[in-house]
Amino acid sequence: MKAQKTSSQPKGTLRNGNKRAKNSKWHGHNKSLHADDPASARHEHGIASSGKPSMKPLKRQYAKAVSARTVSSLLPAGQKCKRLAAHTHSNGQAVSVSSSGDSETEDSQGWRAYAQSVLQNGMQTNAEAEESLPLEHLGEDIQPFLTQFDHVNNRTLMVMRPGQTLCFRGKCLLTCLYGRVEVLGFTIEEGQQPYPLYSPSSHCPLTITALADSSLSTKNRKEGRQEAKMVVRKYLSSVPRKHLLNEMDSDSCAILLEALDNPLTRFLTSQSPLKELFSLSSRELRADSAVDNSALSAVGVTALNSSGCPGLMTSRSYRDALHRLVRVWGDDDCDRCPVILVYGARNSGKSTFVRHLINSLLNHTTSVEYMECDVGQTEFTPPGCLSLSAVTEPLLGPPFTHQQEPRHMVYYGQADCQSDLDRYLDSLKSLWRHSSGDMPVIINTMGWVRGLGFQLLVDLVRFFSVTHVVQLSFGETSQCPALTPEFLRTAHGWQTHPPAPSALGQAELQEAPNSHVFLSIHSEFQGAGTSGEMRHQRSNELRDLSLMGYFSQMQSPDSSLVRPLHCFTPYQVPVSSVAIGVTHCEVAPSHILYAANASLVGLCCLDENVAGRGGPMLLSQTPICPCVGLGVLRGVDMVRGLYLLVTPVPPALLRRVNCLLLGEISLPKALLTTQSGVDGDLPYVTTDYSFELTGAGKLHVFKGLARPGFVKAK
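## Some thoughts on the sheet that holds strand β23 (residues 579-582)
Taken together, the 7 strands give an open sheet; going across it, the order is β22-β27-β26-β24-β28-β23-β25, and neighbouring strands pair in mixed fashion. Each end of this open sheet is capped by a strand with a single partner; those strands are β22 (571-574) and β25 (617-618). Its contacts with the sheet put helix α16 (residues 539-551) on β24 (599-604), β26 (627-637) and β27 (642-646), and the angle it makes with β26 is roughly 85°.

## With respect to the packing of aromatic side chains
Scanning all chains against the criterion turns up 8 aromatic pairs. Ring geometry for F186 and Y195: centres 5.4 Å apart, planes at 70°, overall edge-to-face. Here the aromatic rings of Y318 and F353 are separated by 5.2 Å at their centres, their planes lie at 85°, and the arrangement is edge-to-face. With Y318 in helix α10 (residues 316-329) and F353 in helix α11 (residues 350-361), this residue pair connects regions lying 35 residues apart in the sequence. In this pair, the class of Y318 matches that of F353, namely buried. Here R563 stacks its cationic end above the ring of F568, 4.5 Å away from the centre of that ring.

## Considering the pairing of strand β19 (residues 441-444)
Across the two faces of β19 the burial is the same, with V441 and I443 and I442 and N444 all buried. Here 4 bridges tie strand β15 (residues 339-344) to β19, and the two strands are oriented parallel to one another. Note on β19: the bridge partner recorded for V339 is V441. As paired strands, strand β16 (residues 368-372) and β19 are joined by 4 bridges and run parallel to one another. Within the sheet, the bridge partner assigned to Y370 lies in β19 and is I442.

## Structural notes on the environment of R634
Position of R634 among the secondary structure elements: in strand β26. In sequence terms R634 and P570 are 64 residues apart; their C-alpha atoms lie 8.1 Å from each other. When near neighbours in sequence (up to four residues on either side) are disregarded, R634 contacts H566, F568, P570, N597, L644, V646 and Y684. Only 3.1 Å separates the side chain of R634 from the backbone oxygen of H566, close enough to count as a polar contact.

## A word on the pattern of salt bridges
Applying the stated criterion to the full structure yields 11 salt bridges. Residues K429 and D426 are paired through a salt bridge, measuring 3.4 Å at the closest nitrogen-oxygen approach. Linking K429 with D426, this pair stays in helix α12 (residues 421-432), spanning 3 residues, or about one helical turn. Measuring nitrogen to oxygen at the nearest pair gives 3.4 Å for the salt bridge that ties R538 to E541.

## Focus: the packing of α10 against α11
Their axes nearest at 10 Å, the elements α10 and α11 cross at an angle of 40°. Taken together, the axes of α10 and α11 lie oblique to each other. At the point where α10 passes α11, the crossing takes the right-handed sense. Along its contact with α10, which presents Y318, L322, L325, V326 and W329, the element α11 presents T352, F353, H356, L357, S360 and L361. Across the contact of α10 with α11, the residue classes break down as 8 nonpolar, 3 polar and no charged.

## Focus: unusual backbone geometry
The residue N154 is not glycine, and still its phi comes out positive at about 55°. Mapped onto the elements of the fold, N154 is located in the loop between β4 (146-150) and β5 (155-160). Located in the positive-phi region is S465, a residue other than glycine, with phi close to 50°. Relative to the helices and strands, S465 resides in the loop between α13 (452-463) and β20 (468-473). On the basis of relative accessibility, which here comes to 41%, the residue S465 falls in the partly exposed class.

## Structural notes on α16
Compared with the 18 Å implied by 1.5 Å per residue over 13 residues, the 19 Å span of α16 between its first and last C-alpha is a close match. Within α16, the full set of buried residues consists of L542, L545, S546, L547, M548, G549, Y550 and F551. On its buried side, α16 packs onto α7 (263-269), β24, β26, β27 and α19 (669-673).

## Thoughts on α12
Between its terminal C-alpha atoms α12 stretches 17 Å, which fits the 16 Å expected from 12 residues at 1.5 Å a residue. Of all the positions in α12, only L421, R423, Y424, L425, S427, L428, S430 and L431 are classed as buried. In the core, the buried residues of α12 are packed alongside β16, β17 (385-391), β18 (408-411) and α13.

## Observations concerning the sheet that holds β17
Read from one edge of the open sheet, 7 strands run β18-β17-β16-β19-β15-β20-β21, paired in mixed fashion. Either end of the sheet is taken by a strand with one partner, and the two such strands are β18 and β21 (517-522). Going across the sheet, the axis of each strand differs from the next one's by a mean of 15°, ignoring polarity. As defined by bridge partners, β15 adjoins β20 across 5 bridges and the pair is classed as parallel. Pairing of Y343 across the sheet is with Q471, part of β20. Here α10 sits on the sheet in contact with β15, β20 and β21, set at roughly 150° to β21.

## Some points on the pairing of strand β10 (residues 206-211)
Counted residue by residue, β10 has 6 buried out of 6 residues, so it is predominantly covered. Burial along β10 is two-sided: the face carrying L206, I208 and A210 and the face carrying T207, T209 and L211 are both buried. One ladder, built from 4 bridges, connects strand β7 (residues 180-183) with β10; its direction is antiparallel. Along β10, the bridge assignment pairs R180 with L211.

## A word on the confidence of the model for the chain
Chain-level pLDDT for the chain is 78 on average; 72% of the residues reach the 70-or-more range. Low pLDDT (under 50) marks residues 114-142, which in the prediction has 86 contacts with non-local residues, meaning those over four places away or in another chain. Confidence drops under pLDDT 50 across residues 702-707; counting only partners more than four residues distant or on other chains, this segment forms 4 contacts.

What counts, and where the lines are drawn
Residues numbered from 1 in each chain as written. Predicted model: local features only at pLDDT ≥ 70, side-chain atom pairs only at ≥ 80, totals over all residues. Heavy atoms only, no water. Pairing = 2+ DSSP bridges. Helix = DSSP H or I, 4+ residues; strand = E, 2+ residues; numbered from the N terminus. Contact = heavy atoms within 4.5 Å. Axes fitted to C-alpha atoms, helices over the stretch in contact; angles between N-to-C directions. Phe/Tyr/Trp six-rings, centres within 6.5 Å; stacked < 30°, edge-to-face > 60°. Buried < 20%, exposed > 50% of the residue type's maximum accessible area, 1.4 Å probe, protein only. Lys NZ or Arg CZ within 6 Å of the ring centre and 35° of its normal. Polar contact = N/O pair within 3.5 Å; in protein donor to acceptor, adjacent residues only side chain to side chain. Salt bridge = Lys/Arg side-chain N within 4 Å of Asp/Glu carboxyl O. Parallel < 35°, antiparallel > 145°, perpendicular 65-115°, else oblique. Left-handed = near helix turned anticlockwise from the far one by under 90°. Nonpolar A, V, L, I, M, F, W, Y, C, P; charged D, E, K, R; others polar. Expected span 1.5 Å × (residues − 1). pLDDT = per-residue confidence, 0-100.

Here's what the structure looks like:
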C-alpha cells in the first residue's frame, strides 16, 4: 500500500536583484560594505513636527528637537496635565516629570520644564541613558500611524516617516512599496518579494523601522514626492487615499501589510492551547500596551505603544559587537571566512543576537552557514537534532516559524548532552566536515556554561578554528570565564588539553593571543537571566512549538482545512528492513516495540545494509549517522510485520532511511489530546492511570544534589 505524498513547507525564493548580494571574495570576487552599515546606523529616532511631515535623516542617535507648542498640540486637552506625572520616554531616555495638580501655575511650570527638556533632547549626550536603548524606538507615541485599510483587497497601506517604528504583536505579510524598512537587522527595499512577519507572545515583539533613502538619486524632492504618491494611488482607491497623499513625501516609506494565513498558522491556531499565540501576552494586557488602530487590526497586527512595550532592547556593547562582526565580512585583509561562536548562560539573549546577526549579514551576502550545537532549543530543526544549515532567507520570527531542511543533520535524541558528551562532540565534528568554507559560519551553543559544559565550549573553539568568540552575560557578576586567547592557552576541555609549557616556543606564546577575537556583550533587556514565566515561554513549551511547526509542513497549502496527524495515510515500513535503537536509556529487547509505539523517532541512514530475519533488528549502541527528519511511529502491525510511520519527509529521502532512533524527545501533548473526529476514547490517551505505582511517573533527576559517591568523608 502506497502512502500519499506529503508536501513540505514551500521555500521562499531568493531576493531579487535589487538586494545587494555579494559573492564570497574567497572565490575571486571583492566586496565591501555600504557606508551606511545597517548594523550600526539604524538607531535614529524621530518626533513629528507641526505642519507637513518633512523629516530628514537624523544625525547621530538623537530625536529631532520640537517646540513646546508642537508637543502641546499633539496631546488631548484633557490629558496634558495627566501626562506630566507620567513616566515619559524621549529618544529612549527616561524623563520623569512631576506635577502636583493642585495649582495651574505649577502645572504650567512643569509643562514648560518638560517642553524645555524636549527642546534640549538631541543637543546633549547622556552616556548612562545611551548605554541601554531600544533597537528601534519611536521616542514617544507622538507620531500617529498613517494607515488605510483597503476593503476590496483586504490589505492595509501604511506610510512611515524615516525613523518611525511599529512595534507589534501578530502576523502579517509585508511588502515594501516605496523606500526601505528594517526588521531585526534585515533591510527590506521596494521591489523585493513579500516577507512573512511573525510576532507571537512567546518571544520579543518585532519592530518595523522606516529607514532614510541612502541611494544616490538625481531626482529632486518634488519628483520624489510625485513618485511616492503614485505608489499610493496604485494600491488605494481615490476616496480613502486622500489623507495619505497629503502626508506622503519624498523621504517617506510605504509598506503594504496583508493578513498572513498559511499551513503553519492554521495548524498552530487549530490547537486550543495555541489559539491566542499571536495575541498580546498577559503582561502586555495588564500594561494596556495595545494601540487602537482598526486598519492594522484588520490584517492581524496589534500595534504596541513604546512605554508599555519598547521592543528589543540593545546595549551599547550589543550594537558595537554586531557592527564589528558585520564589518569583518567586508574586510579585505581577512584571509578566510569568519567563524563566529556565540555562547552565554541561559536566557542571556543568544538566540535573538544570532538571528539579528544572520539578518544583518544577509544584507551583504546571499548565504550564511549556521551550525546548531544546542540540542534543547534548536533554530531550524526539531529539538534533539544537531545540524548544519545554509540560511538564505531572513529570520523574521521565532524558530518554529522557519523550520527547514538542513544541509546535514544528526539526531542526538535528547534535550541536553550530559549523558554522553563524547557522542555529542563526535556528532558535531562529523557535521563540521561538511562546512563549505566560502561563507560566514555562525555557531550557536547551549546555555550550559559551568563545569563540563564550559569544557565543551573550550573544545568547540579549538575544533572549529573559531575566528570570533562572542560572550553574552547579564547582571553584575559573570556567569562563566571569558574564552579569550590567553585563557585558552591553559584551559582544559573535555577532549582537548593545552600543550605542555615545554612544547611551546617563545614565538608561539606571543602569537597565541591573536588566534581569535573575543567580544563581550552585556545584556540589559528586561528579564535577562530569568526564564520565561508566562505561557509559551518555558523551554519545554518552546520545544513543543518547534515540533508543531515541523509537522505543520504536512498540511496542504491549497486548503484551509486542518488535518490532524492521525488522518494522514501512514507509510508502511517492513520491520525487517530497518534497524531500531534507543539513544537515551537501555530497553529490554522484548519491550522495544512497546516503547517505540506512538513515539517520535529519528529517520536515519546507516552506511551498512540492514536485513533482518522477520523480527526487528536492535542496535547495541547509538550510531552517529545522517538524519533526514523526524516521524511519528503511530502503530506497529505485528501480524504483517510493519511499522506505520507519519512524517513530512518526502518519499525521495525516505528511500535512504534504514534506521529508526527513539530518543527522549516526546510528542507535544496537544497532538494526542486534541485528536478530532475520534469517537470514544482517544488513542494513546488514558485517564485510568495511577502514579502511585513504582515507576509509573517520569524519573526526575535533581542535578544539584551531590551523589553519595562524591561526598567526601569528614
